[in-house]
Amino acid sequence: MHIYPDNLKSKATLWLWELRDIGIIGIGCLISVFALSQLGWFVPIVLTALYAFLTIRVEDVSILDFIRYAAAFFLGKQQTYDWRA
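Remember, it's a predicted structure, so these values are computed and weren't measured experimentally. (Residues numbered from 1 in each chain as written. Predicted model: local features only at pLDDT ≥ 70, side-chain atom pairs only at ≥ 80, totals over all residues. Heavy atoms only, no water.)

*Asks:* Teacher, can you tell me more about the overall build of the protein chain here?
*Replies:* A count of helices and strands for the protein chain gives three helices and five strands. Counted from the first residue to the last, the protein chain has its helices and strands arranged as β-β-β-α-α-β-β-α. Relative to its full complement of 85 residues, the protein chain shows a buried share of 21%. Contacts in the protein chain between residues at least 24 apart in sequence constitute 28% of all its contacts with a sequence separation of at least 6. Split by element, the accessible area of the protein chain, about 7,400 Å² in all, is 70% carbon and sulfur. (Helix = DSSP H or I, 4+ residues; strand = E, 2+ residues; numbered from the N terminus. Buried < 20%, exposed > 50% of the residue type's maximum accessible area, 1.4 Å probe, protein only. Contact = heavy atoms within 4.5 Å. Areas by Shrake-Rupley, 256 points an atom, 1.4 Å probe, with all protein chains shown as cover.)

*Asks:* Teacher, can you tell me more about the packing of helix H2 (residues 43–54) against helix H3 (residues 63–76) here?
*Replies:* Each packed pair of helices is defined by two parameters, the angle between the axes and the distance between the axes. The geometry of H2 relative to H3 is characterised by a closest axis approach of 6 Å and an angle of 85 degrees between their N-to-C directions. With respect to each other, H2 and H3 are oriented roughly perpendicular. Contacts from Tyr51, Phe53 and Leu54 of H2 reach H3 at Ile63, Leu64 and Ile67. Among the residues making up the contact of H2 with H3, the classes are represented as six nonpolar, no polar and no charged. (Axes fitted to C-alpha atoms, helices over the stretch in contact; angles between N-to-C directions. Parallel < 35°, antiparallel > 145°, perpendicular 65-115°, else oblique. Nonpolar A, V, L, I, M, F, W, Y, C, P; charged D, E, K, R; others polar.)

*Asks:* Quick question: what am I supposed to make of H2 here?
*Replies:* An α-helix turns once per 3.6 residues; consequently, residues spaced three or four apart project the same way. In a regular helix each residue adds 1.5 Å, so twelve residues correspond to 16 Å; H2 covers 16 Å between its end C-alpha atoms and thus fits that length. Of all the positions in H2, only Pro44, Thr48, Ala52 and Leu54 are classed as buried. On the buried face of H2, the contacting elements are strand E3 (17–18), helix H1 (19–39), strand E5 (61–62) and H3. (Expected span 1.5 Å × (residues − 1).)

*Asks:* Would you explain empty space enclosed by the protein in this entry?
*Replies:* In this approach the atoms are scanned with a rolling probe the size of a water molecule, which exposes any empty space left behind. The final tally for this structure, using the stated rule, is one cavity of 30 Å³ or more. What lines the largest cavity is simply Arg20, Asp21, Tyr51, Thr55, Arg57, Ser62, Leu64, Asp65 and Arg68. Examining the composition of the lining of the largest cavity, we find that three residues originate from one element, H3, more than from any other. Its residues assigned to classes, the lining of the largest cavity shows two nonpolar, two polar and five charged. (1 Å grid on protein atoms, 1.4 Å probe; cavity = no way out; pocket = protein on both sides within 12 Å on 5 of 7 lines; lining within 4 Å. Points joined across faces, edges and corners; volume = space filled by probe spheres on them.)

*Asks:* Sorry, what's going on with the packing of H1 against H2 here?
*Replies:* As a packed pair, H1 and H2 sit with axes 8 Å apart at the nearest point and diverge in direction by 165 degrees. Considering the angle they form, H1 stands roughly antiparallel to H2. By crossing handedness, the relation of H1 to H2 is classed as left-handed. Touching Arg20, Asp21, Ile24, Ile25, Gly28, Cys29, Ser32 and Ala35 of H1 are Pro44, Ile45, Thr48, Tyr51 and Ala52, all from H2. (Left-handed = near helix turned anticlockwise from the far one by under 90°.)

*Asks:* Mind showing me how you'd approach the UniProt feature "transmembrane region" (unreviewed entry) in the protein chain here?
*Replies:* The feature "transmembrane region" (unreviewed entry), as given by UniProt, occupies residues 12–35 and 41–58 in the numbering adopted here. Its end C-alpha atoms 31 Å apart, residues 12–35 is made of 71% helix and 17% strand. (UniProt positions renumbered as here; feature names shortened; annotations may be inferred.)

Rendered as structure tokens:
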């Protein structure tokens, strides 16, 4: 089910993810299945599931976006304050 955006400049979504995220999750699933079947590693499937959870979009915001904004606010950018009398 493809949902067309109300604003034609916004990114296209498929279910709860952007199309770019669907591609990344799909490739991650293929690598995860290979790693699990051939090498017995569970780490790639856990990382793919974590990425899939963090990129779920609700009202154009995902958990990963919120984490990025918080990291930029607290760690990445210098905060400036202007005191005016």
